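Structural characterization, general
Each chain, written out:
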Amino acid sequence: MLTRIDHIGIACRDLDTTVAFYRATYGFEVHHTEVNEEQGVREAMLRINGTDDGGASWIQLLEPIREDSPVAKWLAKHGEGVHHIAFGTADVDGAAQAVGARGVRVLYDEPRRGSMDSRITFLHPKDCHGVLTELVTAAQDAPGHGEHG
Ligand code: CMX
Ligand code: CO
């Protein structure tokens, strides 16, 4: 059902400084940046492996853009650090339904838009041994991607 680690989300206070650390220390380059208004973040995606065609794993660096956002709340309580892990799946709807049926709280009724036009939902950390867990279908992994007509 879940086929890989899609990304690890890291909460940071200053995106540019954190990106500079990852570049200087490991040589990772930013593949993509965006603002996700709904999630209340400015983010940078650093690709660890895989290609533009799929199978990639990422580090997702997250800077809050609003004080009432989940990442801002997390930073105020815990400081910078690992905020969530995201498992990749070809079928986020099915995976969320299956996990929900096992008694885990799924935070959204329908998956929402995540980085790079992925579809995402979250599982409550209190039901996952303290880990905020994201389920994600990357745009490239969605059924029908690349087909025409
Ligand atoms: N990891 C582990 N535990 C977490 C957590 C996290 N990231 N965030 C909150 N918690 C814990 C808190 O520590 C707290 O536990 P205690 O009561 O024992 O202290 C409990 O969950 C409630 O936390 P809270 O600070 O009161 O926060 P809320 O209940 O308001 O929100 C949550 C928690 C998970 C519902 C909210 O963070 C959420 O909706 N997250 C999903 C969306 C998101 O994180 N978006 C940003 C990333 C976007 C992306 O990946 O693209
Ligand atoms: Co994420």
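The structure under discussion appears in the preceding block.
This report concerns the structure included in the present document. In this text, all values refer to a predicted model and were calculated from it rather than measured experimentally. (Residues numbered from 1 in each chain as written. Chains lettered and ligands numbered in written order. Predicted model: local features only at pLDDT ≥ 70, side-chain atom pairs only at ≥ 80, totals over all residues. Heavy atoms only, no water.)

By volume, the largest pocket amounts to about 770 Å³. Taken together, 31 residues line the largest pocket, and the ones lying closest to its centre are Pro70, Trp74, His83, Pro125 and Leu132. With 6 residues, helix α2 (residues 70-78) is the largest single contributor of residues to the lining of the largest pocket. When its residues are assigned to classes, the lining of the largest pocket shows 14 nonpolar, 10 polar and 7 charged. The calculated volume of the second largest pocket comes to roughly 180 Å³. Taken together, 21 residues line the second largest pocket, and the ones lying closest to its centre are Asp6, Trp58, Met116, Ala138 and Gln140. Of all elements in the fold, only β1 (4-11), β3 (41-51), β4 (54-64) and β8 (133-137) reach the threshold of two or more residues within the lining of the second largest pocket. Take the lining of the second largest pocket: its biggest share by element is 4 residues, from β4. The residue inventory of the lining of the second largest pocket, partitioned by class, reads 8 nonpolar, 8 polar and 5 charged. (1 Å grid on protein atoms, 1.4 Å probe; cavity = no way out; pocket = protein on both sides within 12 Å on 5 of 7 lines; lining within 4 Å. Points joined across faces, edges and corners; volume = space filled by probe spheres on them. Helix = DSSP H or I, 4+ residues; strand = E, 2+ residues; numbered from the N terminus. Nonpolar A, V, L, I, M, F, W, Y, C, P; charged D, E, K, R; others polar.)

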